[in-house]
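Notes for the structure review
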Amino acid sequence: MFIEMTVFNGTDAEKSFLEICQFKGVRYNNYGFAIIETNHKNHDYVVPMDKENYAKLEGIIRNCILNDKQFIHFEGPVYRRKIAAGAFNSGKDKKDWKITVLK
């Protein structure tokens, strides 16, 4: 499955760009972020999110996979960060997000 996201590089909220990646997985960390894993080897994507919203995200992605969906669009505050770069700024707002199935 592929995922399309508008991404902010690191903590720079002024410069965003569109990325289309092969979706590999998602997990939740103890700092209040969903971590989106892709085919990119040097970085992951972090999304400010509470545990309740993460459970919803996980359910939506699970349904997409079980129904053989090939392409999703993730809309929300997505930040690109280097793998193993340490803790991300936990002061980021937990803004709204949504997933749209494109195909």
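Residues numbered from 1 in each chain as written. Predicted model: local features only at pLDDT ≥ 70, side-chain atom pairs only at ≥ 80, totals over all residues. Heavy atoms only, no water.

Right, let's get into the overall build of the protein chain. Each helix and strand counted, the protein chain has one helix and six strands in total. Each helix and strand of the protein chain, placed in order from N terminus to C terminus, yields the pattern β-β-β-β-α-β-β. Looking at the 103 residues of the protein chain, the share that counts as buried comes to 39%. Expressed as a percentage of contacts within the protein chain between residues at least 6 apart in sequence, the contacts between residues at least 24 apart total 56%. Total accessible area computed for the protein chain in this model is approximately 6,200 Å², and 46% of it derives from carbon and sulfur atoms. (Helix = DSSP H or I, 4+ residues; strand = E, 2+ residues; numbered from the N terminus. Buried < 20%, exposed > 50% of the residue type's maximum accessible area, 1.4 Å probe, protein only. Contact = heavy atoms within 4.5 Å. Areas by Shrake-Rupley, 256 points an atom, 1.4 Å probe, with all protein chains shown as cover.)

Side chains of Phe2, Leu18 and Ile20 sit close together on the surface and give an oily, nonpolar patch of about 290 Å² of accessible area. You can see Phe2 is positioned in strand S1 (residues 2-9). By relative accessible area, which is 39% here, Phe2 ends up partly exposed. (Patch = residues over 30% accessible without salt bridge, like charges linked within 9 Å, V, L, I, M, F, W, Y side chains within 5 Å. Salt bridge = Lys/Arg side-chain N within 4 Å of Asp/Glu carboxyl O.)

Time to look at the packing of aromatic side chains. Following the criterion strictly, the structure yields three aromatic pairs and no others. Judged by centre distance (5.9 Å) and plane angle (10 degrees), the ring pair of Phe74 and Trp97 falls under stacked. One end of the pair, Phe74, is in strand S5 (residues 71-82); the other, Trp97, is in the loop between S5 and strand S6 (98-101), and 23 residues separate them in sequence. Looking at Phe74, the relative accessible area reads 1%, which means it is buried. (Phe/Tyr/Trp six-rings, centres within 6.5 Å; stacked < 30°, edge-to-face > 60°.)

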